[in-house]
Amino acid sequence: MVTKRSLTKRLMEAEERKSCGNGKFGSYGGRFVPETLIACLNGLEDEFNSALRDTAFQEELATALRDYVGRETPLYFAQRLTDHYKNHNGEGPEIYLKREDLNHSGAHKINNAIAQAMLAKRMDLKSIVTATGAGQHGVATAAACAKLSLECTILMGSLDMERQSSNVVLMNLLGAKVKVVEGNFKDACSEAFREWVGNLHTSYYLAGTAVGPHPCPTMVREFQSIIGKETRKQAMEKWGGKPDVLVACVGTGSNALGLFHEFLKDEDVRLIGVEGGGSGIDSGRHSATLVTGEVGVYHGAMSYLMQDDEGQIVGAHSIAVGLECPGVSPELSFLKEIGRAEFYTVTDQDAVNAYKRLCRLEGIFPALEASHALAFLDKLCPTLPNGTKVVVNISGRGDKDASTVFKYELDSMGRSASAN
């Protein structure tokens, strides 16, 4: 049994180990990379730590987040969604939405992209390389590079390009060079790493996910942590306290950690991550890395992975492209191990229902990724005391997913007709 005292102690120990430079969260994280990359990663870590202490850099970043990204984003009270979940006595939790969908480029990804692009420029590196799945990180990176006059190369899986064609158009309009890689996000990531390794002294790999070798996961989490910091401040302003429950979708973990990290030591605040259940866990077509995965090493770090009995990586599936990753954040892996965060799944159908529900009740188009967090409210809300303050992270806007939802509904109607 993990007591509150032992939980806090393990969190503090993990922070202490990380500050010593090994990038480990318990047994997770680290650097499982070729020797040729160690010096480069050490240099990146040194520059990152220096930037955190540099007042001028922090002021420049704060200005960019305010004037370019559009922060702070609202903590919106969803009155009609709250009413939807009230019981027959008119009681239920109060639901608030952290509106990361209102950021420039339409998602939380720009928080990290603009910060790392500034870091690359500080290091006098003029060429950025990255990979994207749903395209939101790609659009954010392309926008940041356009603003800062940096060359931008984005690798994207062929399957994802078909599903997220509107974001491909935006990346091109922003001046990025978009390269197609056969397969999906995990294949694009592997190819982006290879491209970066071939140009270590002239290019910068701009990680958008909370995975990879240290310091990449820590950097992404740090630059996304503004989400939780704002949430704490806004909650105090709105009701004079903290949220009771935080809910976020989990692909690799960047938006979840962005919301959660500020509250890790507030043990009276529940942290709930929601993964893609796809067609159902028993079907094998899902992206439930933390719920069903096993520990292994992938893309340079140890974490929970989707793998077969021989340790080979298996493909992930979700209607939300941004959740289709076979690996997950080392930090989230650690939070699962010590019991600080809870992880659950919802199906594709659940996510589509939640997408449509928020459109109709609040006039907000959530990304299908964020719709997974919204869908979990069906299970969560009936278990909560009246007046519980729940914050759901709306990690991105769902214009990009409208055609996917429409097609899914048509296909569902076709299956129903065939069954009858």
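Refer to the structure above for everything that follows.
These numbers were taken from a predicted model, which means no experiment stands behind them. (Residues numbered from 1 in each chain as written. Predicted model: local features only at pLDDT ≥ 70, side-chain atom pairs only at ≥ 80, totals over all residues. Heavy atoms only, no water.)

**Q** So what exactly am I meant to see when it comes to the packing of helix 3 (residues 55-69) against helix 5 (residues 109-122) here?
**A** In a packed pair of helices, the relevant descriptors are the angle between the two axes and the axis-to-axis distance. Contact geometry of helix 3 with helix 5 gives a least axis separation of 10 Å together with a crossing angle of 140 degrees. What the angle tells us is that helix 3 and helix 5 run oblique. In this structure, the crossing between helix 3 and helix 5 has a hand that is right-handed. For the pair formed by helix 3 and helix 5, the contact residues are F57, E60, L61, A64, L65, Y68 and V69 on the first element and I110, N111, I114, A115, M118, L119 and R122 on the second. Classifying every residue of the contact of helix 3 with helix 5 by side-chain character gives eleven nonpolar, one polar and two charged. (Axes fitted to C-alpha atoms, helices over the stretch in contact; angles between N-to-C directions. Helix = DSSP H or I, 4+ residues; strand = E, 2+ residues; numbered from the N terminus. Parallel < 35°, antiparallel > 145°, perpendicular 65-115°, else oblique. Left-handed = near helix turned anticlockwise from the far one by under 90°. Contact = heavy atoms within 4.5 Å. Nonpolar A, V, L, I, M, F, W, Y, C, P; charged D, E, K, R; others polar.)

**Q** For this particular structure, what's the right way to read the sheet that holds strand 10 (residues 270-276)?
**A** Strand order in the open sheet made by the six strands is 3-4-14-9-10-13, with mixed pairing throughout. One side of each edge strand has no neighbouring strand; the edge strands of this open sheet are strand 3 (75-77) and strand 13 (341-346). Put simply, the sheet's adjacent strands are angled 25 degrees from each other on average, direction ignored. By the bridge criterion, three bridges tie strand 3 to strand 4 (residues 94-99) in an arrangement that is antiparallel. Bridge assignment links F77 to a residue of strand 4, and that residue is Y96. (Pairing = 2+ DSSP bridges.)

**Q** I would appreciate a short explanation of unusual backbone geometry in the present structure.
**A** Working note: non-glycine residues mostly have negative phi, and peptide bonds are mostly trans. Cis geometry is found at the peptide bond from R71 to E72, where omega equals 10 degrees. Note on placement: E72 falls in the loop between helix 3 and strand 3. Between H214 and the following residue, P215, the backbone shows a cis peptide bond with an omega angle of 15 degrees. Despite not being glycine, S149 has its phi angle at roughly 60 degrees, a positive value. Residue position: S149 is located in the loop between helix 6 (136-148) and strand 6 (151-157). Residue classification places S149 among the exposed positions, given a relative accessible area of 62%. Although it is not a glycine, H299 sits at a positive phi angle of roughly 50 degrees. Considering the arrangement of structural elements, one finds H299 in the loop between strand 11 (294-298) and strand 12 (301-305). (Buried < 20%, exposed > 50% of the residue type's maximum accessible area, 1.4 Å probe, protein only.)

**Q** Help me out: how do you make sense of the pattern of salt bridges in this one?
**A** Under the defined criterion, the tally for this structure stands at 30 salt bridges. Counted as one network, the salt bridges with shared partners bring together R232, K242, E262, D266 and D268. (Salt bridge = Lys/Arg side-chain N within 4 Å of Asp/Glu carboxyl O.)

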